[in-house]
Amino acid sequence: MEQHINASTLILTCGDITKETTDAIINAANNRLAGGGGVDGAIHRTGGPTIMKECRKIGGCPTGKAVITTGGNLKAKYVIHTVGPRYQEGTRNEAALLKSAYLESLKLASKKNLKSVAFPAISTGVYGYPLNEAANIALQTTIDYLKEHQDITLVKFVLYDQNSYNIFIEELKKIR
Ligand code: AR6
C-alpha cells in the first residue's frame, strides 16, 4: 500500500528489512547496541561484523534516541539504530518514547542527507508494545514529519508478518 504526502511516498510492505535497498534501514536495537534477537539479530547477521565494530565504538544509545553506522554487507548504505521502549502497561512514558524513536531516526536521516529509509515495527516484538498503538504512533509521527520536511522522499515500513502488515494498513486507513 502506498500513500503520497506532499513530495514524499509512504509505502507499507510485508517482508525482510535486511533485503531493502533504501539509503538506510532502521534497527530496533537495545541501549547497549549489543545486538540481540529479532530484527537486530537479522541485521547484524546479514550486515556482517563491521556494523558491530562501529556500534562498540559508539558505545550505546538511550531509549528514544538514534545513532548511525554504515550498512556493512547490506544493500542499504547505512543502518540507523534506534531504541524503542519496553512496554510496561503503558504507564512509563512508552508512547512518547516510541514517538521519539521514530522522530530521532527521521531527523538523523535528514541530517545525513538520506533520501529513503525503511523502518521495522519498533518495540512490537521482544519489547511487547501492542501492535495497533505502535502502528498508530509509527505512522502518525512519520506522516507529520513528511508534511514538514521535503528532503526524505521515501519512507517504507517493512512488516515481517502478515498480521503486523494488516494492522499497519488498518491504522493508516484510520489516519487517512
Ligand atoms: N525484517 C523486518 N522486521 C523484522 C525482522 C526482519 N528481518 N525480524 C523481526 N522483525 P524485535 P523490539 C520484526 O523483537 O520489540 C532485540 O533483541 C518483528 O516481527 O526485533 O524493538 C534487540 O536487541 C517485530 O514485528 O524488536 C532488543 O533487545 C519487529 O521486527 C529488542 O530485541 C520488532 O521486533 C528490541 O525489541
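Residues numbered from 1 in each chain as written. Predicted model: local features only at pLDDT ≥ 70, side-chain atom pairs only at ≥ 80, totals over all residues. Heavy atoms only, no water.

## Section: helix α2 (residues 49-58)
One turn of the α-helix equals 3.6 residues, which is why residues spaced by three or four share an orientation. For clarity, the threshold we go by: Burial classes: relative accessible area under 20% of the type maximum marks a residue as buried, over 50% as exposed, and values in between as partly exposed (1.4 Å probe, protein chains only). Helix and strand assignments follow DSSP, with helices taken as H or I runs no shorter than four residues and strands as E runs no shorter than two, numbered in order from the N terminus. Summarising the geometry, the arc corresponds to the directions from the helix axis toward the C-beta atoms. In what follows, a contact means two residues having at least one pair of non-hydrogen atoms within 4.5 Å.
Every buried residue of α2 is listed here: Ile51, Met52 and Cys55. When α2 is viewed along its axis, its buried side chains cluster within an angular range of 95 degrees and face the same direction. Seen from the buried face of α2, the exposed residues on the opposite side, beyond 90 degrees, are Pro49, Lys53, Arg56 and Lys57. Turning to α2, the residues buried within the fold contact α1 (38-47), β4 (66-70) and β5 (78-82). Following α2 by one or two positions, Gly59 has its phi on the positive side, about 95 degrees.

## Comments concerning the layout of surface pockets
The condition is simple: Lining residues are those with an atom within 4 Å of a point, where the points come from a 1 Å grid over the protein atoms alone and group into cavities, where a 1.4 Å probe fits but cannot get out, or pockets, open sets with protein on both sides within 12 Å along at least five of seven lines. Grid points are joined across faces, edges and corners, and a volume is the space filled by probe spheres set on the points.
The calculated volume of the largest pocket comes to roughly 580 Å³. For the largest pocket, the lining is made up of 28 residues, of which Ala28, Gly38, Val39, Asp40 and Gly125 are closest to its centre. Counting residues per element, the ones that place at least two in the lining of the largest pocket are α1 and β7 (154-159). Looking at which element gives the most residues to the lining of the largest pocket, the answer is α1, with five residues.

## What to know about the pairing of strand β6 (residues 116-119)
So the rule is basically this: Between any two strands, pairing holds if DSSP finds at least two bridges.
Side chains Ser116 and Ala118 project from β6 onto one buried face, and the interleaved Val117 and Phe119 project onto a second face that is buried too. Where strand β3 (residues 24-28) and β6 come together, two bridges link them in parallel fashion. Each bridged residue has a counterpart across the sheet, and for Ala24 the counterpart in β6 is Val117. Two elements, β6 and β7, share four bridges in a ladder whose sense is parallel.

## Notes on unusual backbone geometry
A positive phi angle, close to 65 degrees, is found at Glu89, a residue other than glycine. Mapped onto the elements, Glu89 comes out in the loop between β5 and α3 (94-111). With a relative accessible area of 71%, Glu89 lands in the exposed category. Despite not being glycine, Asn93 shows a phi value in the positive range, around 70 degrees. Its place among the elements puts Asn93 in the loop between β5 and α3.

## Here's the deal with the sheet that holds β3
Defined as follows: Each axis is a line fitted through C-alpha atoms, and for a helix only the stretch in contact is used; angles between axes span 0 to 180 degrees, taken between their N-to-C directions.
Across the sheet, seven strands lie side by side as β1-β2-β7-β6-β3-β5-β4; this open sheet has mixed pairing. Sheet topology places β1 (2-5) and β4 at the edges, where each strand pairs with a single neighbour. Across the sheet, the mean angle from the axis of one strand to that of its neighbour is 20 degrees, orientation sign disregarded. Two strands pair when backbone bridges link them, and β1 and strand β2 (residues 8-14) are joined in this way by four bridges, in the antiparallel orientation. Bridge pairing links His4 to Thr9 in β2. Set on the sheet, helix α5 (residues 162-175) makes contact with β1, β2 and β7; between it and β2 the angle comes to about 145 degrees.

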